[in-house]
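What follows is each chain in one-letter form.
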Amino acid sequence: MKRSRIILLATAIIVIALPFTGLVLGWSVGLATLVYFDALTVIGLNLIFGVTGMLTLGQAAFMAVPAYCAGILESVGVPFFLSVGAGLVVTLVLAVCTGRVFIRLPGVYLAFGTLAVAFVVEGTARAFPLITGGSSGLILEHGRSLGDRGWYLIALVALTGGMTIYWYLVSGAFLRRLRTIRHDELAAAVLGINVGRSKEKVFLIGATFAAVAGILRAYYVGLVIPENGGVDPSLELLAMTLLGGPGYLFGPLFGTALLQWLFIITGYAKGYVLLVYGAVFLLAVLYLKDGIAGWVAKIWDRFELMIDGPRQDPCPTRRVVSSLSDRHTQRSGVCLQVLDIAKRFRGVVALDGVSFTVEFGEIFTIVGPNGAGKSTLFNIISGIELPTRGVVKIANKDAASFSISERARFVGRSFQVARLVPDLTVVENIMVRVDQITPELSELERRSLALNQIAAFGLSAVADTPVSALSAGQRKLIDLTRAAAGDPSLVLLDEPAVGLAADELDHLKSLLHQLQARGSAVVIVEHNIDFVAEVAKRGIVLDGGRPIAFGAIKEILADPKVQEAYFGALL
Amino acid sequence: MNPLTQAVISGLMMGAVYALLSIGLVIVYQTAHVINLAHGEAYSIAGIFVSVLAGTHILPIWAAIAGAIIVAVLISIAIERFLLRPRRLWSHSALILVTLAAAIFSRGALYTLIGSDAVSFPRLVSGAPFRIAGGVLPPQGLLLIVMAFALAIAVPLFLSTTQLGRQLRATAENPDAAQLMGVNVDRARLLAFAIAGAYGAIGAVLLVPLVSVDFHAGLDMTLRGFIAAALGGMLPLWAIVCSILLGLGEAFVTTYFDALAKDPIVFLMLIGVAVWRSRKIRFGGGLRA
């Protein structure tokens, strides 16, 4: 620990002193100041794009808008600090509006929408020369008196502050949540994450970084021109994010420094600046997935391994909270009521007149041939789709009054193909759900809860393994473990037995009995009839969206109508 | 001169070019599920290619035009074959980013070639302009409107009537199923990119003599094509209709208000589409179970 701090401190001192030494061609104090301000913006963009994966192409607009607002207000006599404050507020309002409009749509709308914002900002700044100074720009007087070294210090403090905020903010539950959203928005929503709101929040934080950096930069330069808010600088900011290493703390600084410096030195060979920039952008997108920071991290890891040998396992976490089941009071009687559900997709009947109830501590099954409407029914119960008609009640409450993410508290769901985040470990994947249902606990407590859940489900051996290293069968068991974390009233399992090896199948059976013992109601969609007959007592059979049999599992499987629908092709 | 007719005429001319561009974006989006941000580069590359060759007088202009269209088609195909196909498993945003990077690279290359000046070449058809109800339409403009709309309409017809068109649509609906049914999905995508590249180049050949083109025209054209396509719900016929509306809208704003207000108002239209689309979305973006 100590050694890495010393190395970090030494590097920081060298970096801070570098522009004064003149050792690197073109790396002046002025350039370093600009780089620090841009890097501050890129930290925000790194959060939006690098961590959360939202493609925004107009980030520079949020740099120019506050500068323009402040400058215009100052020119009509508003005091300096008030103008700056108003500029920031206007920018944040603009960011909130942009987020509201575009973020819930498929990603390409955000890309084009933010691009459009940049075009509008640049165009508007040009279109009203009397107010904005037109193409020659708006002069900002206030920063002149500070001098180069003063501004360098301000930039350094701002960047350090920005990196510190990022370090503390983008960690733990928040980081896990964003990783999950980036990888799979649907799974995130089913786990209880309010995807739209999280993305809006990230977008707003990113825009705040841009606004602060933009206003500082404009006062440093003493001028803001329409191009500052346009598409070109926005794309440059994106290139810096990519080049530096998306998702890394030091990525923004590396990327900004390298690209700005490249601009300066290729500027000597006039005409080739844009070509070099284009080539760097293209190569970074195609081949440099983790950017410079990813490289540095890899070298650093190798260096540590060389000196210290393999890393020790982290000490076992203390067990703080054993289980959440005591949080639920009533665990008897009816858990799930499905009343006369119907669903149509543009005239095609997917479900019609489906009704059943499931009690706490019961395993219930839904069977039927492909296209019978089983998945649609699951989607309606978990809130992914709305029914055309009918009511779903969970623990006597109308489920329609809860959004999909609010349902996660009392509904856990697994998927046909496990939808885990591959670059997180098993325990982190389970923590994503625990984060959502017990936000009041500390990080340590949530971790111990997740570890206990893994231990209870007999998967401790893989707790710290990244999911990408596991087999498909193991992933399905972990998906189930996650769905059952926090003992939800209702657990929905979508074909849990498909693709499992024989020993995994036995494991699954014991897990189902454990869920039952904990008092959860379990609903299974399954094709494996032998498995279903073994674990479930009751069930419903769907065919073409309509229920054709209902009741004790042995009886419904023996029903001739069911045999015809299900095995028709075989008999 | 009647400003109303003139606005309609220039709106139709721009709308015709937007139709060519948006239809290319739509078929690429449908078959490859990628929004190609390098789409407009076919326009700027072809426009600059012809201008440069026409300036040197080495080749007759028709040869330069044929060459430009071939180059644009090859570049468009290369983007699919060498940049996108090997990365089919990447996320949507990552693929959009790849096309953006290609666009920026092309822009840099064009800047190195011609610098920041706008270039142009002589009109294909000369002669006295037509005067219609107080408006002026150069023969080149008439050629542009007729040819561009004919080519744009040809795409929906091709998709619905020919065997190859049906294969393209099958690829769009469900690539895996199409593959199983014997459709060569890779070839269908290449075809879509080829058509898109050719249409972008033809748009440039027809429009550039009337306006001129510079190194960063590509992204601008992509953006307008996308707005028309998005307004039309990413459907070929509606994209053509919305291209005309977009062209007319821009022309009216320029005529009756201010040319500088064109960009902001066009993008307000995009925001309108986004608001309209988002009314039904309950969470996240583009989710399917």
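Bear in mind that the values here come from a model prediction, so they are computed numbers and not experimental data. (Residues numbered from 1 in each chain as written. Chains lettered and ligands numbered in written order. Predicted model: local features only at pLDDT ≥ 70, side-chain atom pairs only at ≥ 80, totals over all residues. Heavy atoms only, no water.)

### Some thoughts on the overall build of chain B
Then comes step 1: When you go through chain B residue by residue, the secondary structure sums to 11 helices and 2 strands.
Then comes step 2: Its helices and strands taken in sequence order, chain B reads α-α-α-α-β-β-α-α-α-α-α-α-α from the N to the C terminus.
Then comes step 3: Taking the principal axes of the C-alpha coordinates as reference, chain B spans close to 60 × 50 × 40 Å.
Then comes step 4: Once local pairs closer than 6 in sequence are excluded, the contacts in chain B between residues at least 24 apart make up 75%.
Then comes step 5: A total accessible area of about 12100 Å² is found for chain B, and carbon and sulfur atoms account for 67% of it.
Then comes step 6: Charge-centre separation for chain B: the mean point of 18 positive side chains lies 10 Å from the mean point of 11 negative side chains. (Helix = DSSP H or I, 4+ residues; strand = E, 2+ residues; numbered from the N terminus. Contact = heavy atoms within 4.5 Å. Areas by Shrake-Rupley, 256 points an atom, 1.4 Å probe, with all protein chains shown as cover. Lys, Arg positive; Asp, Glu negative; His and termini not counted. Charge placed at Lys NZ, Arg CZ, Asp CG, Glu CD.)

### Quick look at the overall build of chain A
Then comes step 1: Of regular secondary structure, chain A possesses 23 helices and 12 strands.
Then comes step 2: Projected onto the principal axes, the alpha-carbon positions of chain A cover approximately 90 × 60 × 45 Å.
Then comes step 3: Relative to its 571 residues, chain A shows a buried fraction of 53%.
Then comes step 4: Residue pairs at least 24 apart in sequence account for 76% of intrachain contacts in chain A once pairs closer than 6 positions are excluded.
Then comes step 5: Total accessible area on chain A is roughly 24500 Å²; 62% of this is exposed by carbon and sulfur atoms.
Then comes step 6: Charged side chains in chain A number 49 positive and 45 negative. The centres of these two groups are separated by 3 Å. (Buried < 20%, exposed > 50% of the residue type's maximum accessible area, 1.4 Å probe, protein only.)

### Regarding a nonpolar patch on the surface
Residues and elements named next belong to chain B.
Then comes step 1: There is a patch of nonpolar side chains on the surface, built from Ile 61, Trp 62, Leu 124 and Val 125 and spanning about 360 Å² of accessible area.
Then comes step 2: Relative to the assigned elements, Leu 124 resides in the loop between helix H4 (92-114) and strand E1 (130-132).
Then comes step 3: We classify Leu 124 as partly exposed; its relative accessible area is 33%. (Patch = residues over 30% accessible without salt bridge, like charges linked within 9 Å, V, L, I, M, F, W, Y side chains within 5 Å. Salt bridge = Lys/Arg side-chain N within 4 Å of Asp/Glu carboxyl O.)

### A short note on the packing of helix H1 (residues 2-21) of chain A against helix H14 (residues 291-308) of chain A
Residue and element names in this part refer to chain A.
Then comes step 1: In the contact formed by H1 and H14, the axes pass within 13 Å of each other and the chain directions differ by 140 degrees. By the angle between their directions, the pair H1 and H14 is classed as oblique. As H1 packs across H14, the resulting crossing turns out to be right-handed. For the pair H1 and H14, contact is made by Arg 3, Ser 4 and Ile 7 and by Trp 300, Phe 303, Glu 304, Ile 307 and Asp 308, respectively.
Then comes step 2: Taken together, the residues of the contact of H1 with H14 break down into 4 nonpolar, 1 polar and 3 charged. (Axes fitted to C-alpha atoms, helices over the stretch in contact; angles between N-to-C directions. Parallel < 35°, antiparallel > 145°, perpendicular 65-115°, else oblique. Left-handed = near helix turned anticlockwise from the far one by under 90°. Nonpolar A, V, L, I, M, F, W, Y, C, P; charged D, E, K, R; others polar.)

### Focus: the sheet that holds strand E11 (residues 538-543) of chain A
Residues and elements named next belong to chain A.
Then comes step 1: Ordered in space as E8-E9-E10-E5-E11-E12, the 6 strands form an open sheet in which the pairing is mixed. Each edge of the open sheet is held by one strand with a lone partner, namely strand E8 (411-413) and strand E12 (546-552). If you compare each strand with its neighbour and ignore which way they point, the axes differ by 15 degrees on average.
Then comes step 2: Two strands pair when backbone bridges link them, and strand E5 (residues 363-367) and strand E10 (residues 521-525) are joined in this way by 4 bridges, in the parallel orientation. The residue bridging Ile 363 from the neighbouring strand is Val 522, located in E10.
Then comes step 3: Lying over the sheet, helix H20 (residues 502-517) contacts E5, strand E9 (490-494) and E10, oriented at roughly 145 degrees with respect to E10. (Pairing = 2+ DSSP bridges.)

### Some remarks on the environment of A:Ala565
Then comes step 1: Along the chain, A:Ala565 turns up in helix H23 (residues 560-567).
Then comes step 2: For the pair A:Ala565 and A:Gly229, spaced 336 residues apart in sequence, the C-alpha separation works out to 63 Å.

### A closer look at the confidence of the model for chain B
All names here are of chain B.
Then comes step 1: Summarising the model, chain B shows a mean pLDDT of 84, and 96% of its residues fall at 70 or more.
Then comes step 2: In the model of chain B, helix H11 (residues 262-278) stands out as the element of lowest mean pLDDT, 75, in contrast to helix H3 (residues 61-84), which has the highest, 91.
Then comes step 3: Of the two predicted TM-score estimates for the complex, the pTM is 0.85 and the ipTM is 0.85. (pLDDT = per-residue confidence, 0-100.)

### Some words on the interface of chain B and chain A
Then comes step 1: Facing 45 residues of chain B, the contacting portion of chain A comprises 52 residues.
Then comes step 2: Regarding the contact of chain B and chain A, the summed buried area is about 4300 Å², with carbon and sulfur atoms giving 78% of it.
Then comes step 3: Where chain B touches chain A, the interface holds 1 salt bridge.
Then comes step 4: Viewed at the interface, chain A and chain B are joined by 1 residue pair in polar contact (both at pLDDT 80 or more).
Then comes step 5: For the side of chain B that touches chain A, the secondary structure elements donating two or more residues are H4, helix H9 (217-231) and H11 of chain B.
Then comes step 6: Looking at the side of chain B that touches chain A residue by residue, the class counts come to 30 nonpolar, 8 polar and 7 charged. (Buried area = accessible area lost by both parts, 1.4 Å probe. Polar contact = N/O pair within 3.5 Å; in protein donor to acceptor, adjacent residues only side chain to side chain.)

### Observations regarding unusual backbone geometry
Then comes step 1: For A:Asp340, which is not glycine, the phi dihedral falls at a positive 50 degrees.
Then comes step 2: Mapped onto the fold, A:Asp340 is located in strand E3 (residues 334-345).
Then comes step 3: According to the relative accessible area criterion, A:Asp340 is partly exposed, its value standing at 37%.
Then comes step 4: Backbone geometry places B:Ser212, a non-glycine residue, at a positive phi of 120 degrees.

### Some thoughts on the sheet that holds strand E4 (residues 348-359) of chain A
Residues and elements named next belong to chain A.
Then comes step 1: In space, the 4 strands of this open sheet follow the order E4-E3-E6-E7, with antiparallel pairing throughout. Edge positions in the sheet fall to E4 and strand E7 (397-398), since each of these pairs with one other strand and no more.
Then comes step 2: Of the pairings in the sheet, the one linking E3 to E4 comprises 8 bridges and is antiparallel in character. Considered in E4, the bridge of Leu 336 is made with Val 358.

### So, the pattern of salt bridges
Then comes step 1: One pass over the structure, following the stated rule, counts 25 salt bridges over all chains.
Then comes step 2: For A:Arg546, the salt bridge goes to A:Asp352, with nearest N and O atoms at 3.4 Å. Here the residue A:Arg546 occupies a position in strand E12, and A:Asp352 occupies one in strand E4, the gap between them amounting to 194 residues.
Then comes step 3: One salt bridge in this structure joins B:Arg85 and B:Asp186, with 3.7 Å as the shortest N-O distance. Placement of the pair is B:Arg85 in the loop between H3 and H4 and B:Asp186 in helix H8 (residues 185-207), with a sequence separation of 101 residues.
Then comes step 4: Residues participating in the shared-partner salt-bridge network are A:Arg176, A:Asp435, A:Glu443 and A:Arg446.

### Remarks on the pairing of E11(A)
Residues and elements named next belong to chain A.
Then comes step 1: Note: E5 against E11, 4 bridges, orientation parallel. Looking at the pairing, Thr 365 lines up with Gly 539 of E11.
Then comes step 2: As defined by bridge partners, E11 adjoins E12 across 6 bridges and the pair is classed as antiparallel. Residue Val 541 lies in a different strand from E12, and its bridge partner there is Ala 549.
Then comes step 3: Linkage of E11 to E12, two consecutive antiparallel strands, is achieved through a turn of 2 residues, within which Gly 544 is found at a positive phi near 55 degrees.

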